[in-house]
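What the coordinates show
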Amino acid sequence: MTILTQDQTKRICDRVLSFSKADECTVTVSGGRNGNIRFARNAVSTAGLADDTSIAVQVAFGKRQGTATINEFDDKSLEKVVRRAEELARLAPENPEFMPAVGKQEYKASQTFAKRTADIDPEYRAQVAAYSIEACKKNHLVAAGFFTDNASFQAVANSNGVFGHQETTQLDYTCTVRTEDGRGSGWVKRNARDAARFDAREAIEVAVEKAMRSVDAKALEPGRYTVILEPAATSDLLSYMFFGFDARSADEGRSFLSKKGGANRLGDKLFDEQVNIWSDPWNPDVAVVPWDSNSMLARQRMDVIKNGKVANLGYSRYWAKKKGVAATGLPGNFIMAGTDKSTADLIANTKKGVLVTRTWYIRMVDPQSVLLTGLTRDGTFYIENGKIKHPIKNFRFNESPVTMLNNIEEIGKPVVIGGEESPFSMMLPAMKVRDFNFTSLSDAV
């Protein structure tokens with residue numbers, strides 16, 4: 001599939017807008033190419049390439065809205081999708097929280113596209129799988145993994161003069177490595193915008209080493225331990241907390257940032273002073289599209305937590321108007337400040353503790369405290385006197401990332417990492433935290 005250029009999407013958007021008879025019209029043109037290869041039991045199981053392009057048109061008559069989509073671009077089809085959206089709008093009930101289309105925005109382009117990633121072909125994907133499988137066969141291990149790459153574009157426009165166009169690329173790699181007898185397991189995850197920053201051989205060696213070292217795990221009594229969470233474990237826990245930085249849910253008493261009486265905790269110190277987290281669409285490592293796709297508002301660099309204090313909350317246009325404050329484009333990424341310390345450095349500074357490779361099967365227990373439950377998996381180790389002493393059986397934990405960020409002892413070097421169930425791009429460090437609550441043992445490796 002050819003990625004549409006800015007000139008091409010501008011012509012399409014202008015044409016759609018010219019057909020509209022509604023009070024207002026918003027257009028989104030998007031498309032992409034998604035490649036993948038999957039392997040299991042040391043053999044490739046599936047591989048594929050999918051591409052799609054579509055147009056979504058949303059119109060409004062007063063407070064009545066209608067949306068229709070189509071994947072054809074000739075004039076007849078473009079007019080057809082506009083008429084369909086208008087028909088639906090006339091049938092729809094009034095939206096009590098309706099907000100008119102945004103006014104003209106200034107979108108500052110971000111570096112979300114890398115040609116090297118866009119040029120990934122079947123041979124490249126096969127080589128990633130080959131490196132993974134060969135490294136495991138060599139060590140009498142079994143690999144199962146998934147590699148995906150994406151090149152896409154998105155354009156937005158409306159009848160108030162808004163227009164934006166952005167091209168993006170992304171690759172993701174995960175691999176689980178088991179011993180042949182199933183007694184040891186290792187895992188690795190890598191995310192990158194630019195394929196130049198991805199090394200499949202380096203990645204698989206991490207999983208291989210963890211699998212080989214995790215054999216014959218010993219049981220450790222459940223309890224509260226000093227824990228070193230690798231970045232993958234950190235991201236999966238913090239993702240749940242990031243969803244709570246929404247002003248409306250806080251004001252309505254539905255989040256950990258709520259106060260009695262309908263207030264929120266903006267400005268309150270809730271975390272250790274070492275905690276600094278912000279959003280920046282233009283960060284070169286985790287750049288994102290410079291507009292919020294829901295509201296079409298331009299994104300800005302925004303502090304989320306500053307020296308342990310809640311620095312900002314996200315306001316939708318409706319809630320901002322209700323509260324008399326400025327609306328904000330929702331963040332697309334989260335970046336946490338760290339140090340130059342590696343995970344090995346954190347281990348070396350630990351007298352007794354537990355190293356967690358990843359967390360898995362996480363579920364929310366209490367949204368108002370962000371209490372989570374889940375399991376460690378694929379490489380959990382006991383640390384003594386600055387060294388990994390032996391593998392230990394996995395735990396179930398009950399812990400809140402809010403509490404976790406209050407119990408920080410050391411922070412490592414931030415790396416690009418995506419959460420398993422998160423829409424955000426993230427750059428997060430490994431962390432050493434005290435009193436992490438392990439509640440029971442798990443026999444799974």
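Residues numbered from 1 in each chain as written. Predicted model: local features only at pLDDT ≥ 70, side-chain atom pairs only at ≥ 80, totals over all residues. Heavy atoms only, no water.

**Some words on the packing of helix 4 (residues 122-138) against helix 5 (residues 200-213)**
- In contact at an axis separation of 9 Å, helix 4 and helix 5 are set at 35 degrees when each is read in the N-to-C sense. Relative to helix 5, the crossing made by helix 4 is right-handed. Residues Val 128, Tyr 131, Ser 132, Ala 135 and Cys 136 of helix 4 form the contact with helix 5, whose participating residues are Ala 200, Arg 201, Ile 204, Glu 205 and Val 208. (Axes fitted to C-alpha atoms, helices over the stretch in contact; angles between N-to-C directions. Helix = DSSP H or I, 4+ residues; strand = E, 2+ residues; numbered from the N terminus. Left-handed = near helix turned anticlockwise from the far one by under 90°. Contact = heavy atoms within 4.5 Å.)

**Here's the deal with the pairing of strand 6 (residues 185-192)**
- For strand 6, a buried count of seven out of eight residues is recorded, marking the element as mostly surrounded by other parts of the structure.
- Sheet topology places strand 5 (residues 163-179) next to strand 6; eight bridges connect them, and they run antiparallel. The residue of strand 6 that forms the bridge with Leu 171 is Ala 192.
- Taking the residues between adjacent antiparallel strands as the criterion, strand 5 and strand 6 are bridged by five residues, where Gly 182 takes a positive phi near 75 degrees. (Buried < 20%, exposed > 50% of the residue type's maximum accessible area, 1.4 Å probe, protein only. Pairing = 2+ DSSP bridges.)

**Digging into the sheet that holds strand 10 (residues 309-310)**
- Pairing in this open sheet of six strands is mixed, and the strands run 10-9-8-11-18-17 from one edge to the other. Taken across any chain shown, the strands that pair with only one partner, and hence form the sheet edges, are strand 10 and strand 17 (415-417).
- As paired elements, strand 17 and strand 18 (residues 425-428) share three bridges and run antiparallel to each other. By the bridge assignment for strand 18, Ile 417 is matched with Met 426.

**Things to note about the packing of aromatic side chains**
- Within this structure, the stated rule accounts for 16 aromatic pairs.
- Between Tyr 173 and Phe 198, the ring centres sit 5.5 Å apart and the planes meet at 55 degrees, which makes this aromatic pair tilted. One end of the pair, Tyr 173, is in strand 5; the other, Phe 198, is in the loop between strand 6 and helix 5, with 25 residues separating them in the sequence. Phe 198 matches Tyr 173 in its accessibility class, with the two residues each being buried. (Phe/Tyr/Trp six-rings, centres within 6.5 Å; stacked < 30°, edge-to-face > 60°.)

**Remarks on the UniProt feature "domain: Metalloprotease TldD/E central" (unreviewed entry) in the protein chain**
- As recorded in UniProt, the sites labelled "domain: Metalloprotease TldD/E central" (unreviewed entry) are residues 143-213.
- Annotated as residues 143-213, this span is 20% helix and 58% strand, and its ends, taken at the C-alpha atoms, are 16 Å apart. (UniProt positions renumbered as here; feature names shortened; annotations may be inferred.)

**Some remarks on the pattern of salt bridges**
- Enumeration according to the criterion identifies 26 salt bridges in this entry.
- Asp 149 is the salt-bridge partner of Arg 33, the closest N and O atoms lying 2.3 Å from each other. Of the two residues, Arg 33 sits in strand 1 (residues 24-40) while Asp 149 sits in strand 4 (residues 141-158), which places them 116 residues apart along the sequence. Pair check on accessibility: Arg 33 and Asp 149 agree, each one buried.
- For the salt bridge of Arg 190 with Glu 202, the shortest nitrogen-to-oxygen distance reads 2.8 Å. (Salt bridge = Lys/Arg side-chain N within 4 Å of Asp/Glu carboxyl O.)

**Looking at the environment of Val 227**
- You can see Val 227 is positioned in strand 7 (residues 223-229).
- Residue class for Val 227 comes out buried when judged on its relative accessible area of 0%.
- Taking the C-alpha atoms as reference points, Val 227 and Arg 434, separated by 207 residues in sequence, lie 6.3 Å from one another.
- When neighbours within four sequence positions are excluded, Val 227 is seen to be in contact with Val 354, Val 356, Met 431, Lys 432, Val 433, Phe 436 and Phe 438.

**Quick look at the sheet that holds strand 2 (residues 43-61)**
- Strand order in the open sheet made by the six strands is 3-2-1-4-5-6, with antiparallel pairing throughout. Looking along the sheet, the strands with just one partner apiece sit at the ends: strand 3 (64-70) and strand 6. Strand-to-strand twist of the sheet, defined as the mean angle between neighbouring strand axes without regard to direction, takes the value 15 degrees.
- Packing against the sheet, helix 5 makes contact with strand 4, strand 5 and strand 6, and its axis sits at approximately 160 degrees to strand 6.

**Some words on the packing of helix 1 (residues 6-19) against helix 2 (residues 75-91)**
- Direction vectors running N to C along helix 1 and helix 2 enclose 50 degrees, while the axes themselves pass 9 Å from each other. Compared by their axis directions, helix 1 and helix 2 come out oblique. In this structure, helix 1 meets helix 2 at a crossing whose hand is right-handed. For the pair formed by helix 1 and helix 2, the contact residues are Ile 12, Arg 15, Val 16 and Phe 19 on the first element and Asp 75, Leu 78, Glu 79, Val 82, Arg 83 and Glu 86 on the second.
- Here the contact of helix 1 with helix 2 is composed, by residue class, of five nonpolar, no polar and five charged. (Parallel < 35°, antiparallel > 145°, perpendicular 65-115°, else oblique. Nonpolar A, V, L, I, M, F, W, Y, C, P; charged D, E, K, R; others polar.)

**A word on the state of the cysteines**
- Counted under the stated rule, the structure contains zero disulfides.
- Cysteine Cys 25 is unpaired, with the sulfur of Cys 13 as its nearest cysteine sulfur at 9.3 Å.
- Its sulfur unpaired, Cys 136 is 5.5 Å from the next cysteine sulfur, which belongs to Cys 175. (Disulfide = S-S within 2.5 Å.)

**Regarding the environment of Val 275**
- Note on placement: Val 275 falls in the loop between helix 7 (247-251) and strand 8 (277-279).
- Placed 63 residues apart in sequence, Val 275 and Gly 338 show a C-alpha to C-alpha distance of 8.6 Å.
- Apart from the residues lying within four places of it in its own chain, the contact partners of Val 275 are Ile 305, Lys 306, Asn 307, Gly 308, Met 336, Leu 405 and Ile 408.

**Focus: the nonpolar core**
- Met 241, Phe 245, Phe 271 and Met 336 are the most contacted members of the largest nonpolar core, which has 52 residues in total.
- The leading source of residues in this core is helix 6 (residues 231-242), at seven residues.
- Dropping the residues within four chain positions of it, Met 241 is found in contact with Phe 256, Phe 271, Ile 305, Val 370, Pro 401, Val 402 and Leu 405.
- Within the second largest apolar cluster, 26 residues are counted, among which are Ile 3, Cys 13, Val 81 and Ala 157. (Core = buried A, V, L, I, M, F, W, Y, C linked by side-chain atoms within 4.5 Å.)

**What to know about the pairing of strand 4**
- Of all 18 residues in strand 4, 14 are buried; the element is thus mostly enclosed.
- Examined bridge by bridge, strand 4 and strand 5 share 17 bridges and lie antiparallel to one another. Bridging from a neighbouring strand, Asp 149 pairs with Leu 171 of strand 5.
- In textbook terms, the turn of a hairpin is the stretch between consecutive antiparallel strands, and for strand 4 and strand 5 this stretch comprises four residues, one of which, Gly 161, has a positive phi near 100 degrees.

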